[in-house]
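Observations on the model geometry
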Amino acid sequence: MKYTHKIKKLFINAGLEKEEYRKMIPIISEANMLLLSVFSQLAVVMFILLFVASFFSAGFASVNTDTYLTFAIIMLGILLCARFLLPKKLGLVMVFV
């Protein structure tokens, strides 16, 4: 029984006791928000650069112009949600990130 409790504590509560983990939830949410924003910004920039580069390329990149634009728009939507919607409801960050 102790062994399963240790495994459960490790995987569910990151090795912390329940009380310690509950105290850490706001800090974890803020860190997740920061990471979501940073990676969304990087993805938007990357897909926009790929989209622009696809006009100057005659190879593989030119075939995927629509894909780059589609993913740039999707990542921009995620970025806007991370900036304006999720800060009001930090509990959603724990679900999606």
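Refer to the structure printed above.
Residues numbered from 1 in each chain as written. Predicted model: local features only at pLDDT ≥ 70, side-chain atom pairs only at ≥ 80, totals over all residues. Heavy atoms only, no water.

Here's the deal with the nonpolar core
Counting six residues, the largest nonpolar core is built from Ala43, Val44, Phe47, Tyr68, Ala72 and Met75. Every element with two or more residues in this core is listed here: helix H2 (18-55) and helix H4 (65-85). When residues no more than four places from it in sequence are discounted, the contact partners of Ala72 are Val44, Phe47 and Ile48. (Core = buried A, V, L, I, M, F, W, Y, C linked by side-chain atoms within 4.5 Å. Buried < 20%, exposed > 50% of the residue type's maximum accessible area, 1.4 Å probe, protein only. Helix = DSSP H or I, 4+ residues; strand = E, 2+ residues; numbered from the N terminus. Contact = heavy atoms within 4.5 Å.)

Structural notes on the packing of aromatic side chains
Tallying each qualifying case throughout the model produces two aromatic pairs. Ring centres 5.6 Å apart and planes at 25° place the aromatic pair Phe47 and Phe71 in the stacked group. Placement of Phe47 in helix H2 and of Phe71 in helix H4 is noted, with a sequence separation of 24 residues between them. According to the relative accessible area criterion, Phe47 is buried, its value standing at 16%. Arranged with centres 5.0 Å apart and planes meeting at 80°, the rings of Phe51 and Phe55 form a pair that is edge-to-face. In this pair, Phe51 and Phe55 are both assigned in helix H2, four residues apart and thus about one turn of the helix distant. (Phe/Tyr/Trp six-rings, centres within 6.5 Å; stacked < 30°, edge-to-face > 60°.)

What about the environment of Glu30?
Here Glu30 lies in helix H2. Sequence separation between Glu30 and Pro87 is 57 residues, and the spatial gap between their C-alpha atoms is 8.8 Å.

Details of the side chain of Ser40
For Ser40, the location among the structural elements is in helix H2. With a relative accessible area of 1%, Ser40 lands in the buried category. Ignoring sequence-local partners within four residues, the contact set of Ser40 consists of Met75, Ile78 and Leu79.

Re H4
With 21 residues, H4 extends 29 Å from end C-alpha to end C-alpha; this agrees with the ideal 30 Å at 1.5 Å per step. Listed as buried for H4 are Thr65, Tyr68, Ala72, Met75, Leu79 and Ala82. Angularly, the buried residues of H4 cover 110° about the axis, an arc narrow enough to put them on a single face. Facing away from the buried side of H4, by more than 90 degrees, are the exposed residues Asp66, Ile73 and Phe84. (Expected span 1.5 Å × (residues − 1). Arc of directions from axis to C-beta.)

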